[in-house]
Amino acid sequence: MWSAGDHSRRIRSTERAKAHKLWSVPRVVSEIHRSDVPHVFTDTQRLYTRNAVPGVAVYGERLVRQGNEEYREWNPRRSKLAAFLKRGAAVFPFQADTDVLYLGAAQGTTVSHVADVCREGTIYAVEISRRAFQKLIDLSERRPNVIPILADARATEGYERLVGRVGVLYQDVAQRDQVSIFLENLSFLRAGGFGLLCLKARSVDVAANPRVLYAEARRTLAKSVTVVQVVELDPYERDHAAILVEKA
Ligand code: SAM
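Just so it is clear, the structure is predicted and the values come from calculations on it, not from any experiment.

## A closer look at the overall build of the protein chain
- Of the regular secondary structure elements, the protein chain holds seven helices and 13 strands.
- Going through the 248 residues of the protein chain one by one, you find that 39% of them count as buried.
- Look at the contacts in the protein chain between residues 6 or more apart in sequence, and 58% of them connect residues 24 or more apart.

As structure tokens, this is what we get:
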């Protein structure tokens, strides 16, 4: 049976957990080093980005400190971009000065890591849900290189005046028409730029074999761009693939 003391202890520890979510005390470590991927760090098992806002976690991720730098753990079960890296990305097209059009930003989990990497670039973060958008605004207040845009990625006229040509188009919208949304937004990508489509098979057709859908998406995209790689994200994200393309 719970006593009143147990109850208040429980509340206190929940409050502590919540507080840690935003203001974590970084653990001091000495094992973090550069990974094979530019701007991404590792302790040989986990991935990290260099925290652009030291002392602040975005979604409860672990913060670690080494020397004068602080790093945020990048969880491949929370971020399909981290899963893409874990599953063997051929190209990681994000550089310090890359401008990114990010469709399906949600609360900014992955956006925050992209913002850590592309510190001198701008991340145009498009999100349709007002609820998620509020969190995105909060994120952009601490990370000025994130521009939150409340819009439907199917209606590009809603943001075409704001977004110029970008070096990377990233999409994670989990909609039936994911491929046509991506094709529509390719107009924002400059020649030589890369696109990464996170395809959720179950949103396209819940009954179809995901590999058949990946192949179909690959064929459709290949009519407009060069498909560089199709990477299945299982076991980090079930029935998802990341399709990397390059614009000529
Ligand atoms: N990319 C996020 C991350 O890694 O942190 C998670 C994205 S979540 C799987 C998909 C998001 O796409 C949801 O927040 C949803 O509201 C948004 N979305 C769905 N349809 C959209 C559309 N047509 N335009 C813009 N955003 C959309």
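## Observations concerning unusual backbone geometry
- For the bond from D234 to P235, the omega torsion is 5 degrees, close enough to zero to count as cis.
- Examined against the element boundaries, P235 turns out to sit in the loop between strand 12 (226-232) and strand 13 (240-246).
- We note that A106 has phi near 50 degrees; this positive angle belongs to a residue other than glycine.
- The topology assignment puts A106 in the loop between strand 7 (100-103) and helix 3 (109-117).

## Some remarks on helix 5 (residues 178-185)
- Buried residues of helix 5: Q178, V179, I181, F182 and N185, and no others. Relative to the axis of helix 5, the buried residues are bounded by an arc of 160 degrees and lie together on one face.
- In this fold, the buried residues of helix 5 make contact with strand 7, strand 10 (166-171), strand 11 (189-200), helix 6 (201-204) and helix 7 (210-222).

## Digging into the pairing of strand 7
- Where burial is concerned, the two faces of strand 7 agree: the one with V100 and Y102 and the one with L101 and L103 are both buried.
- The pairing of strand 7 with strand 8 (residues 123-127) spans four bridges and is parallel. Looking at strand 8, one finds that Y102 is bridged to A125.
- As a crossover connection, the stretch from strand 7 through helix 3 into strand 8 is right-handed.

## Things to note about the confidence of the model for the protein chain
- With 89% of its residues at a pLDDT of 70 or more, the protein chain shows a mean pLDDT of 91.
- Segment residues 1-22 is flagged for pLDDT under 50; beyond a separation of four residues in sequence, or across chains, it makes five contacts in the model.

## Side note on the sheet that holds strand 12
- Taken in spatial order, the seven strands of this open sheet run 9-8-7-10-11-13-12, and their pairing is mixed. Of all strands in the sheet, those with a lone pairing partner are strand 9 (146-150) and strand 12, marking the two edges. Across the sheet, the axes of successive neighbouring strands diverge by a mean angle of 15 degrees, strand direction being ignored.
- Here strand 12 pairs with strand 13 via six bridges, running antiparallel. Each residue of the ladder has a partner; that of Q229, found in strand 13, is L244.

## What about the environment of H240?
- Tracing the sequence through the fold places H240 in strand 13.
- Discounting residues that sit within four places of it in the chain, H240 has contacts with K80, C198, L199, K200, A201 and L233.

## A few points about the nonpolar core
- If you look at the biggest cluster of nonpolar residues, it comprises 69 residues, and the most contacted ones within it are V100, Y102, I123 and A125.
- A domain split of this core shows at least three residues from each of domain 1 (4-74) and domain 2 (80-246).
- Setting aside residues no more than four positions away along its own chain, I123 makes contact with V100, Y102, V111, V114, A115, C118, N145, V146 and I147.

## Here we look at helix 3
- Counting buried positions along helix 3 yields nine of nine residues, so the element is predominantly enclosed.
- Of all the positions in helix 3, only T109, T110, V111, S112, H113, V114, A115, D116 and V117 are classed as buried.

## Quick notes on the environment of A248
- Locating A248 in the fold gives a position in the segment after strand 13.
- When the 7 C-beta atoms within 10 Å are taken as the criterion, A248 is described as exposed.
- Taking C-alpha positions, A248 is 9.5 Å from F194, a pair spaced 54 residues apart along the chain.

The rules behind each value
Residues numbered from 1 in each chain as written. Predicted model: local features only at pLDDT ≥ 70, side-chain atom pairs only at ≥ 80, totals over all residues. Helix = DSSP H or I, 4+ residues; strand = E, 2+ residues; numbered from the N terminus. Buried ≥ 20, exposed ≤ 12 C-beta atoms within 10 Å, placed from the backbone. Contact = placed C-beta atoms within 7 Å. Arc of directions from axis to C-beta. Pairing = 2+ DSSP bridges. Right-handed = clockwise from strand over helix to strand, strands pointing away. pLDDT = per-residue confidence, 0-100. Axes fitted to C-alpha atoms, helices over the stretch in contact; angles between N-to-C directions. Core = buried A, V, L, I, M, F, W, Y, C linked by C-beta atoms within 7 Å. Domains from an automatic or database assignment.

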